[in-house]
Amino acid sequence: MSLAPGTRLGHYGIVSAIGAGGMGEVYRARDTRLDRDVAIKVLPAAFATDADRLARFEREAKAVAALSHPNVVAIFDTGTHDGRMYVVTELLEGETLRDRLRGGPLPVRKTTEHAVQLARGLAAAHDRGLVHRDLKPENVFLLNDGQIKILDFGLARQAMASSGSGATQTVAAMTDPGTVMGTVGYMSPEQVRGLPVDARSDLFALGAVLHEMLSGQRAFQRETAADTLTAVLTQDPPDLGGLRPEISPALERIVRHCLEKNPAERFQTARDVAFALDGLSGSSATAAAAMSGSLPAVPGVSPRRRTSPLLVAAGIMAVAGIAWAAGHFGAGPAAPTSTAISDVTYKPVTFEEGFLFAARFAPDGRTIVYSADWDQQPRGVYVTSLDSPEFRPLGFPGADLLALSRSGELAILSGSIAPSGNPYIRIGTLARASLTGGAPRAELEGVRFADLGPNNTLAVVRDGERRRTMEYPVGQVLAEMPILKSRSATGMVGLVCPRVSPSGDYVAFFDYRVSAAITVKIFDKSGKLVTESQSFQDWWGLAWTPSNEVWFGASEAGGRQVVVFSLDLQGRRRVVLRAPASLNLHDVSAQGDLLASYERVMSRVELIDPGGPQNRSWREGGYVAAFSRSHTLLLNGEGDSGGPRGSVYVWQPKDQQPVRIADGSGRALSPDGSRAVVVSIKAPVTVSIVPTGAGQPQVLDLGVVQYVSWAGWLPDGRLVIQFTRDGSGPVAYALSPAGKDPAALLPSGVTLRGDNLISPDGTRVAALDGEGRLVVCTIAAPVCQPVPGLEDVEDVAGWHADGRSLFVYQRQSSPVQIDRIELASGRRSLWKVIRPVEAAVGGVNRLIVAPDGAFVYGYDRTRSELYVIKGLK
């Protein structure tokens, strides 16, 4: 049955035919309800006569529709027409991977980029229990902008047997053990044998597709289907290096690791594959050199926010071609093992769950002292050895390690807090203690970072009353910056991580007093600047080597990968290591070994309402954006799962999971939860009002906007939006219900910061004056009155329903205390104390209270794994 243009399937109008295959006919159609173009696939007639198959298809279509992953084609709807089932998906512009491969093999760099996206799409589906079972170039779509989409997820497993033959034949059946389905040449050995399959079967198919992208020929193709199946079971594909010399051994090992005959010997998850491929940055001709740390220097700015989901050691081991067991890093303590990449070895040091703040080698190079917030242990300083997986506390509960000198003297930070909510940046009292024991001796207040030179001479970054200074020795100021009282400046550290050279003649540190321009500076003991690096996007620790070089971790502008660079006293820079994941550099031993922690950050979201606590976490990078009076939650999808353009999700109170509504970053929800303010994350900045249900987005005409920092709705339908234009500070405007006629809302210098700032009756708004003090302004005639009794470090979480009090909290606290403060008197009372389900080292990053007392909060959960890396040069 073919559908003619103009045929109606519900509210979809057929525009033209796109193609046909074993899964049915595909058409371009117009969604007349939402006014958008879609693709409609009309499934084979046999579906309608098989009730079990039809029910299973509907279940899987719903599961795939809930995926909402940038690398899996989106399913919008299903229905029936003339007794035949159809499925409505997003319309893709581009070509299939099969079409692309007709022109020959792909460039190695493009292959790696495509494979990473494929692995991430598979990982998202596998997390929801979906296995594709028929991944092949025909089911991979290349969009015109370079994005990859996996087609027929959950549908290919229902395909009918094709009548064709040869290497492209599809063998189809239901998914019970003992039946075979898939495409000859891409099926895993267990599929060929009719054995039970799991996600690892998709990884075999991914390996076959990756091999084909690199070689231009199918990995197991033979003259007949039977011969091809035999090759899958008994033979290895051709060596890639022999076909294309520019393919690195590391990349070939990844492909072969996917194609292991025994599923237990393959990668165990698609995320492992993605992490391994992420380690192969740059062109493949230099990939092996990159992994061994011999790439030439590459020139290379954003706040230090770590949001990538990283199972690093998995990536390292995968690149080495070594299989590792699923869940290895989620298990309890295990004996240390070494994993080799070329001449570089990685030896794990810690095996606990939690966050590691700092680590240092003792003078013997085998004893390691570190401070951590382990889940089942008190926060404090610990000691361990490379000869044993065990550790013991040093007796400084609640302290953070800052430095360890050659003589065994410790510099520790006691009574510390994380003012900005960032667990990597703390402030407290510096004390000295001995590695051999004894009570610590307090020495300096307001210290953020410190190091000890060879004569136990201190280098410190500390806060005075009005300025922050970098000093070496104490009293000699090498750099300084004013301490701003504004809440918006609390996270700006500016001077970070001082380290003294082995000779004591030099000190190095990170300087990012200029926003998004982080450099490494080296001064001599007299206070003279010796050299300075180029600018970087992010800092990841530094240390001196025995040869008087500085090794430092940094991210280059526009990139997320951490690179370990070397900088000498002449200003020469080279690459030491391109890390396959987030690497935090802690120390270098006298033997030249690197001490570094690999880190994985996951966001957590908890919602508390009369029904009790509810987990609203969404993937690794789902952050709270807004919470409405109707208890609708807006989430921003960041990190890998959010995609290159970001993802905005709405989570309705009765739904089991959120729905993706737009690209970009969400800023606000209307009181009834029906509309959201969404801002694009790529220039030029566009601001839209997006319906959370059916309807079309409305793009606001605001002229050239640099940044949108706040948005919210007044009860009369007017939108309040605060944005920055070039050369001016943030200004809050009120727009008409139609999104037009912007008018300044607040007096000059008064800005919006916090959540649910508009009073329940819409007559007042909580704001900050020019000095960062909380004020309440009347909207009709902008007059602002200060709120007594509020502390500088507190943020507004929302209004109480009575309109006479606000909820406030401190972001860096854990547990978090929420107080209710009366506007007239400044009288405060404890309202709630919340303790995150899992330890939030840096406190919550956002907390929003609705007027009726329901509230939501989010925090980051960091997992650190400490390694000694040998063989770097």
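Our subject is the structure listed above.
Scoring rules and cut-offs
- Residues numbered from 1 in each chain as written.
- Predicted model: local features only at pLDDT ≥ 70, side-chain atom pairs only at ≥ 80, totals over all residues.
- Heavy atoms only, no water.
- Helix = DSSP H or I, 4+ residues; strand = E, 2+ residues; numbered from the N terminus.
- Areas by Shrake-Rupley, 256 points an atom, 1.4 Å probe, with all protein chains shown as cover.
- Phe/Tyr/Trp six-rings, centres within 6.5 Å; stacked < 30°, edge-to-face > 60°.
- Buried < 20%, exposed > 50% of the residue type's maximum accessible area, 1.4 Å probe, protein only.
- Lys NZ or Arg CZ within 6 Å of the ring centre and 35° of its normal.
- Pairing = 2+ DSSP bridges.
- 1 Å grid on protein atoms, 1.4 Å probe; cavity = no way out; pocket = protein on both sides within 12 Å on 5 of 7 lines; lining within 4 Å.
- Points joined across faces, edges and corners; volume = space filled by probe spheres on them.
- Nonpolar A, V, L, I, M, F, W, Y, C, P; charged D, E, K, R; others polar.
- Disulfide = S-S within 2.5 Å.
- Axes fitted to C-alpha atoms, helices over the stretch in contact; angles between N-to-C directions.
- Parallel < 35°, antiparallel > 145°, perpendicular 65-115°, else oblique.
- Left-handed = near helix turned anticlockwise from the far one by under 90°.
- Contact = heavy atoms within 4.5 Å.
- Expected span 1.5 Å × (residues − 1).
- Core = buried A, V, L, I, M, F, W, Y, C linked by side-chain atoms within 4.5 Å.

> Honestly, the overall build of the protein chain in this entry has me stumped. Any pointers?
Looking only at helices and strands, the protein chain has twelve helices and 56 strands in total. Put simply, the protein chain shows about 33,300 Å² of open surface, and 51% of that area lies on carbon and sulfur atoms.

> I would appreciate a short explanation of the packing of aromatic side chains in the present structure.
When we look at a pair of aromatic rings, we describe it by the centre distance and by the angle of the planes. Within the structure shown, the criterion is met by 23 aromatic pairs. With 6.5 Å between their ring centres and 75 degrees between their planes, Y346 and Y867 make a pair best called edge-to-face. Linking Y346 in strand 13 (residues 344-348) with Y867 in strand 56 (residues 855-870), this pair joins segments that are 521 residues apart in sequence. Classification of Y867 as buried rests on a relative accessible area of 2%. For the ring pair F510 and F552, a centre distance of 6.3 Å and an interplane angle of 80 degrees mean the geometry is edge-to-face. In this pair, F510 is assigned in strand 26 (residues 506-511) and F552 in strand 30 (residues 550-555), connecting sequence segments 42 residues apart. Accessibility classification places F510 together with F552 in one group, the buried group. An aromatic cluster is built from F449, F510, F536, W539, F552 and F565, whose rings are joined through pairwise contacts. Above the ring of W831, the side-chain terminus of K832 is found at 5.3 Å from the ring centroid.

> Can you walk me through the pairing of strand 24 (residues 477-482) in this structure?
Along any regular strand the residues' side chains alternate between the sheet's two faces. Note: strand 23 (residues 467-471) against strand 24, five bridges, orientation antiparallel. Residue pairing for strand 24: R468 is matched across the bridge by M481. Where strand 23 folds back on strand 24, the antiparallel hairpin that results is connected by five residues, among which G475 adopts a positive phi of roughly 110 degrees.

> Which parts of the structure should I look at to understand the layout of surface pockets?
Leftover empty space is mapped by rolling, across the atoms, a probe with the size of a water molecule. In this structure, the second largest pocket encloses a volume near 1,600 Å³. Lining the second largest pocket are 50 residues, and of these R36, A74, F76, R660 and I661 lie nearest its centre. Of the residues forming the lining of the second largest pocket, the biggest block, five residues, is contributed by strand 39 (residues 659-663). Classifying every residue of the lining of the second largest pocket by side-chain character gives 22 nonpolar, 13 polar and 15 charged.

> How do you make sense of the state of the cysteines when you look at a structure like this?
Linking two cysteines covalently through their sulfur atoms gives a disulfide. Scanning all chains against the criterion turns up one disulfide. Note that C777 is cross-linked by a disulfide to C784, the S-S spacing being 2.0 Å. Handedness of the C777-C784 disulfide follows from its S-S torsion of about 105 degrees: it is right-handed. C777 sits in the buried class, given a relative accessible area of 0%.

> I tried to follow the packing of helix 3 (residues 108-127) against helix 5 (residues 199-215) on my own but got confused; where do I start?
Axis angle and axis distance: for two packed helices, these are the angle between their axes and the distance between the axes, and together they describe the pair. Remark: helix 3 packs on helix 5, axes separated minimally by 10 Å, with the N-to-C direction vectors making an angle of 165 degrees. Put simply, helix 3 runs roughly antiparallel to helix 5. Two packed elements cross with a definite hand, and for helix 3 against helix 5 that hand is right-handed. In this structure, helix 3 contributes V108, T111, H114, A115, L118, A119, L122 and H126 to the contact, and helix 5 contributes A199, D202, L203, L206, V209, L210, M213 and L214. Its residues placed into classes, the contact of helix 3 with helix 5 shows twelve nonpolar, three polar and one charged.

> I'm lost on empty space enclosed by the protein in this one. Help?
Its volume calculated, the largest cavity comes out at about 230 Å³. What lines the largest cavity is a set of 18 residues, and nearest its centre among them are F357, A358, R360, F449 and C497. Contributing elements (two or more residues each) for the lining of the largest cavity: strand 14 (354-361), strand 18 (400-404), strand 21 (441-452), strand 25 (495-500), strand 29 (538-544) and strand 33 (583-588). For the lining of the largest cavity, the class distribution of residues is twelve nonpolar, three polar and three charged. Put simply, the second largest cavity is a space of about 40 Å³. Around the second largest cavity sit V349, T350, F351, E352, Y370, T384, P389, E390 and F391, which together line it.

> Would you take a moment to explain helix 3 for this structure?
Along an α-helix, residues three or four positions apart point the same way, because every turn accommodates 3.6 residues. Over its 20 residues, helix 3 extends 28 Å from the first C-alpha to the last, a length consistent with the 28 Å expected when each residue adds 1.5 Å. Among the 20 residues of helix 3, 15 are classified as buried, and the element is accordingly described as predominantly covered.

> Just checking my understanding: could you explain the nonpolar core for this structure?
It is characteristic of soluble globular proteins that their nonpolar side chains tend to be buried jointly. One finds M470, F510 and F552 to be the most contacted residues of the largest nonpolar core, which totals 51 residues. Counting 46 residues, the second largest nonpolar core, distinct from the first, contains I150, L214, C258 and A274.

> I'm lost on the sheet that holds strand 32 (residues 573-578) in this one. Help?
Backbone hydrogen bonds hold the strands of a sheet together, and the pairing may be parallel or antiparallel. Spatial strand order, 29-30-31-32: four strands in an open sheet with antiparallel pairing. In the strand order of this sheet, the two ends are held by strand 29 and strand 32, each with one partner. Looking at each pair of strands side by side, their axes are set apart by 25 degrees on average, direction ignored. Bridging between strand 29 and strand 30 involves five bridges; their strand directions are antiparallel. Note that in strand 30 the partner of D538 across the bridge is S555.

> Quick question: what am I supposed to make of the pairing of strand 5 (residues 75-81) here?
Bridging between strand 5 and strand 6 (residues 84-90) involves six bridges; their strand directions are antiparallel. Bridging across to strand 6, H81 finds its partner in R84. The antiparallel pairing of strand 5 with strand 6 creates a hairpin that spans two residues between the two strands, and D82 there sits at a positive phi of about 50 degrees.

> Mind showing me how you'd approach the packing of helix 3 against helix 9 (residues 270-278) here?
Contact geometry of helix 3 with helix 9 gives a least axis separation of 8 Å together with a crossing angle of 155 degrees. As the angle between them shows, helix 3 and helix 9 are arranged roughly antiparallel. As for the relative orientation of helix 3 and helix 9, their crossing is left-handed in sense. Along its contact with helix 3, which presents T112, A115, V116, A119, R120, L122, A123, H126 and D127, the element helix 9 presents A270, R271, V273, A274, L277 and D278. Of the residues assigned to the contact of helix 3 with helix 9, the class counts are nine nonpolar, two polar and four charged.

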